[in-house]
Each structure stands twice: as C-alpha cells, then as structure tokens.
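Take a look at the letters that make up each chain.
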Amino acid sequence: MKKVLFAAAVSAVMATCAFSCVVAPVAAQAQTIKSFVKIDKPAEGAPLLIVTPEVSLSLLTAGGVQEPRSDWSKAAQGHLSAALTTALKTRKYAVSEVALDTYEDPRALQILKLNDEVVSAIAWQQVPMLRLPTKTTFDWTLGSGARTLVPAAMTDQAPRYALFLTCKGSYQSSAKAALNVGMALLGGPMQFGGQGLQSTLVDLDTGQVVWYQFNMVASGTDIREAEGATAAVEKLFKDLPL
C-alpha cells in the first residue's frame, strides 16, 4: 500500500510541478510549505544513524508495464548508501548504518511502519491540491519510541538523529524510448521513466521529524552508478540541517 501511495504522490508532484511551471510559477512558489524545523547543528564527531535506503527500480517497457529489476535496485541501494555515508562523514559526523532486515524488536518494527505512514502523509501534504487546509505547520512525529531504532550495540554512543531514504522509480527501455520519439512526431501521449528520492531526518530523543525532502533524480543522472548516486544525494542534501 505504501508503494502505491508513494508512487501516486510522485505522480501528483510531477503533474503539479509541470502545471505550475507553465501556468503560475509565482503562485506555485507562494504555495510551498515549510518541510523542516530549526535544530541546533550537532557537534563535530557526533554519532548519526543511517537506515539502509529502501530502493525499488523497474524497467518501463514499450507497453507501459513496469517490470521490477532487483539487480538495479540492489546496485542503486549500495551506491546511495555509500553516498549518504560519505556526505555525512564529510560533514565530520560519526556515521553508523543499520539494515532494515536486521530489526527484530517488535517495537522497532512498529516504529518503522509508522515512519512509512508518516512520510507518505508528509509527501501528500507537499502537493498543493491534496494538502490538508488546516495543516499549516511542520509538526510530524514518530513518538517517544523512536529510540528503539538504535541497535543495542550503539548504546554507548547513541545517535541523536536518524536519516531515512526511499527511492522508487523506473528507467525506460530502448523500445520505449523509440516509441516516445514516434509519439512526439505524431503528437501522441508519451510516458517516461523517472526516479524519486524521499528523505527524512528524525530526532530519536523526541521522535520528531525535523527535515523532509523530495527530489526527482535529474535527467541523465543514473543512480545505478556511483557517480550518479553521489550527484543525486548531493542535490537532495542541499538544505540538510546537518
């Protein structure tokens, strides 16, 4: 269900951005809502936790079907994980990574599920036509149980913040690319591949989500390669408050 919600949110964001750029760029800018809360920057050497990115990539066929590609997903996951670690270590933090499939504590598993739902809700709130009119502040939380995400081995140097990243999308096949060229010449509908990165920073002491960012991967940037993943993360982290 969360994959459907995220895909729908990505599509809505892309459609809204395209419409806003053509019709009302000024209005679109005014509609942008805050997606962070002010925090004190951690001291140099402070421990940070990275939860291994969730990545799901597929092949967009000429018929418009998305065929899952586990090899692409695994490659992108490895490169994105390395890029996250490098970016945070460059900022002088002590980075530790924990894989999703290593969590066994039922409380931690519930927090991870809650995190998925909260991130989906934040994503919807970023779309002007879908956001809740009474939700005017960035005050999302996972609750006081967020600290259960810290592995027992890290209790001596427990991190204050955890970083999550999700990536979903597709790459078009050569046949699909050729079909799009033909459709462009005929003035017909075209369907392109694309990848979206979605990230949150969570205060593990309070459970508060203190930063959220969604970016579409730039055309020509291949996150299945180390260079592309690094470029995508650098763009994503442009306003990271760390």
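A. Local environment of unusual backbone geometry. One non-glycine residue with positive phi stands out, namely Lys 92, at about 75°. Looking at where Lys 92 falls in the secondary structure, it is placed in the loop between α3 (70-90) and β4 (94-98).

B. Spotlight on the pairing of strand β6 (residues 194-203). The element β6 is extensively covered by neighbouring structure, given that 9 of its 10 residues are classed as buried. In terms of strand pairing, strand β5 (residues 161-172) meets β6 through 10 bridges, oriented antiparallel. Note on β6: the bridge partner recorded for Tyr 161 is Asp 203. Here β6 runs beside strand β7 (residues 209-216); their pairing, made up of 7 bridges, is antiparallel. Counted as the bridge partner of Thr 200 is Tyr 212 from β7.

C. Looking closely at the packing of α3 against helix α6 (residues 226-236). Their axes nearest at 8 Å, the elements α3 and α6 cross at an angle of 50°. When the interaxial angle is binned, α3 and α6 end up oblique. As for the relative orientation of α3 and α6, their crossing is right-handed in sense. Contacts from His 79, Leu 80, Ala 83, Leu 84 and Ala 87 in α3 reach Ala 226, Ala 229, Thr 230 and Val 233 in α6.

D. Just helix α4 (residues 106-125), in detail. Along its 20 residues, α4 runs 29 Å from first to last C-alpha, staying within 8% of the 28 Å computed at 1.5 Å per residue. What α4 keeps buried is the set Ala 108, Ile 111, Leu 112, Asn 115, Asp 116, Val 118, Val 119, Ser 120, Ile 122, Ala 123 and Gln 125. Measuring from the side-chain oxygen of the N-cap residue of α4 to the backbone nitrogen of Arg 107 gives 2.8 Å; that N-cap residue is Asp 105.

Criteria and thresholds
- Residues numbered from 1 in each chain as written.
- Predicted model: local features only at pLDDT ≥ 70, side-chain atom pairs only at ≥ 80, totals over all residues.
- Heavy atoms only, no water.
- Helix = DSSP H or I, 4+ residues; strand = E, 2+ residues; numbered from the N terminus.
- Buried < 20%, exposed > 50% of the residue type's maximum accessible area, 1.4 Å probe, protein only.
- Pairing = 2+ DSSP bridges.
- Axes fitted to C-alpha atoms, helices over the stretch in contact; angles between N-to-C directions.
- Parallel < 35°, antiparallel > 145°, perpendicular 65-115°, else oblique.
- Left-handed = near helix turned anticlockwise from the far one by under 90°.
- Contact = heavy atoms within 4.5 Å.
- Expected span 1.5 Å × (residues − 1).
- Polar contact = N/O pair within 3.5 Å; in protein donor to acceptor, adjacent residues only side chain to side chain.

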